[in-house]
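# Coordinates in review
So you can see what is in the structure, the chains are spelled out below.
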Amino acid sequence: MRPVLILSLALTTLAACNPAPETAGPTPTEIVAAEAPVSDAVAQTPAVLTAVDLRRVCKAGLAAIHGQEITAIELTGTEGDVLTAQWRAPVDGGLMKAQCRAADGLVVWKPLDLPDPASVRWMNESGDPVVRYAMRGDEIEITQTLPDGTTQTAAEVVRAEEEVR
């Protein structure tokens with residue numbers, strides 16, 4: 001009887017010491033997604049992009065995300081507000097492909113033709129970097145906020161007349 005009494009007292013004591021579970025706060029990525037663009041320069045981020053501006057933003061975004069020159073990104077198709085692009089991989093020369101969409105100051109992309117089908121998804125989940133754009137004439141500033149809160153910024157010049165063709 002005594003061991004049962006001691007065990008029940010121990011369990012009651014431990015249960016009283018258990019703090020209430022903490023609710024998870026927003027991740028750095030979710031915080032940045034809700035904020036205005038990082039740059040303090042005057043920039044334009046229209047809610048809906050024209051077809052030409054969508055091409056410009058996606059080229060600049062994919063170039064910045066993948067560390068490519070803007071001229072390396074070739075847009076190969078359009079389906080509604082989603083663009084398909086490709087470029088040569090710098091390491092082995094293989095062909096990399098992705099889809100891109102942009103609106104409301106955000107660039108979202110999806111890798112294509114990966115060996116693992118689960119990896120072919122839009123990069124807009126809580127652990128993914130947040131990619132924002134700001135337009136200033138021919139210059140497009142791309143700011144990536146990584147899940148740890150650090151940022152990387154690149155400015156690309158993409159002339160509208162080059163994208164009209």
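Structure: see above.
Overview of the structure. Bear in mind the structure is a predicted one, so any value in this text is a computation, not a measurement. (Residues numbered from 1 in each chain as written. Predicted model: local features only at pLDDT ≥ 70, side-chain atom pairs only at ≥ 80, totals over all residues. Heavy atoms only, no water.)

### Details of the overall build of the chain
Helices and strands together make up the secondary structure of the chain, namely four helices and seven strands. Reading the secondary structure of the chain in the N-to-C direction produces α-α-α-β-β-β-β-β-β-β-α. In the chain, of all internal contacts separated by at least 6 residues, the share reaching a separation of at least 24 is 43%. Roughly 10200 Å² of accessible area belongs to the chain as shown, and the carbon and sulfur atoms make up 57% of that amount. (Helix = DSSP H or I, 4+ residues; strand = E, 2+ residues; numbered from the N terminus. Contact = heavy atoms within 4.5 Å. Areas by Shrake-Rupley, 256 points an atom, 1.4 Å probe, with all protein chains shown as cover.)

### Structural notes on the state of the cysteines
By definition, a disulfide links two cysteine residues through a covalent bond between their sulfur atoms. Following the criterion strictly, the structure yields one disulfide and no others. Residue C58 pairs covalently with C100 via a disulfide, S to S 2.2 Å. With the S-S bond torsion at -85°, the cross-link from C58 to C100 turns out left-handed. Taken as a pair, C58 in helix α3 (residues 51-66) and C100 in strand β3 (residues 95-103) lie far apart in primary sequence, 42 residues in all. (Disulfide = S-S within 2.5 Å.)

### Re the packing of aromatic side chains
With the rule as written, the count across this model stands at zero aromatic pairs. Above the ring of W122, the side-chain terminus of R101 is found at 4.0 Å from the ring centroid. (Phe/Tyr/Trp six-rings, centres within 6.5 Å; stacked < 30°, edge-to-face > 60°. Lys NZ or Arg CZ within 6 Å of the ring centre and 35° of its normal.)

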